[in-house]
Amino acid sequence: MALATYAVVRAGDKWTIKYDKQNYGTFKSQQEAVNHAIKTAHRVGEKGHNAQVLIQGIDNRLHVEWVYGKSPDPPAD
C-alpha cells in the first residue's frame, strides 16, 4: 500500500500542506498547518492507509513529524 505523505512547507510568510505535488490550504503558522495535516493523515490512516506528516525545518529539509499508528492521535478540536 502506498504511503500518503503530507508535507508542511513554507509558502512565503505562511505555511501550506503539500500532498501529491499540490498545495492545500494556507495557514498563518507552522503549528496550525501541522495540526491540520496530522488530522487529515489520521483520517486516511483510519481507512487502512499508511500516512505520515513531514515538516520543513530551518534547514529547508523535510523531517518526519508524525506517523499513523506510531505517533499519538491528533489533537482534539
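Here the structure is shown first, and the text comes after it.
Everything in this summary refers to the structure shown in the same document. Residue numbers run consecutively from 1 along every chain, following the written order of its sequence. With pLDDT at 70 or above as the cut-off, local features in this predicted model cover only qualifying residues; side-chain atom pairs require 80 or more to be listed or tallied, and sums for whole chains, interfaces and linings still use all residues. Heavy atoms throughout the structure, all of them, feed into the side-chain values; hydrogens and water do not.

Some words on the nonpolar core
A general trend in soluble globular proteins is that nonpolar side chains are found buried together.
So, step 1. Counting residues in hydrophobic clusters, the biggest one holds 16 residues, and the most contacted among them are Tyr-6, Val-8, Ile-17, Ala-33, Ala-37, Ala-41 and Val-53.
So, step 2. Only β1 (3–11), β2 (14–19), α1 (30–46) and β4 (50–56) provide two or more residues apiece to this core.
So, step 3. A run of DSSP states H or I qualifies as a helix once it reaches four residues; a run of E qualifies as a strand once it reaches two. Both are numbered from the N-terminal end. For this core, the element with the most residues is α1, which contributes six residues.
So, step 4. Working rule for contacts: check all heavy atoms of both residues, and any pair within 4.5 Å makes them a contact. In contact with Val-8, other than residues within four places in its own chain, are Trp-15, Thr-16, Ile-17, Gln-30, Ala-33, Val-34, Ala-37, Val-53, Leu-54, Ile-55 and Gln-56. By convention a nonpolar core is built from buried Ala, Val, Leu, Ile, Met, Phe, Trp, Tyr and Cys residues, the set being connected through side-chain atoms within 4.5 Å. Remark: exposure states derive from per-residue accessible area (1.4 Å probe, protein chains only) relative to the maximum for the residue type, with buried under 20%, exposed over 50%, and partly exposed in between.

So, the environment of His-36
So, step 1. Within the element layout of this structure, His-36 appears in helix α1.
So, step 2. For the pair formed by His-36 and Tyr-6, sequence separation is 30 residues and the distance between their alpha carbons is 10.0 Å.

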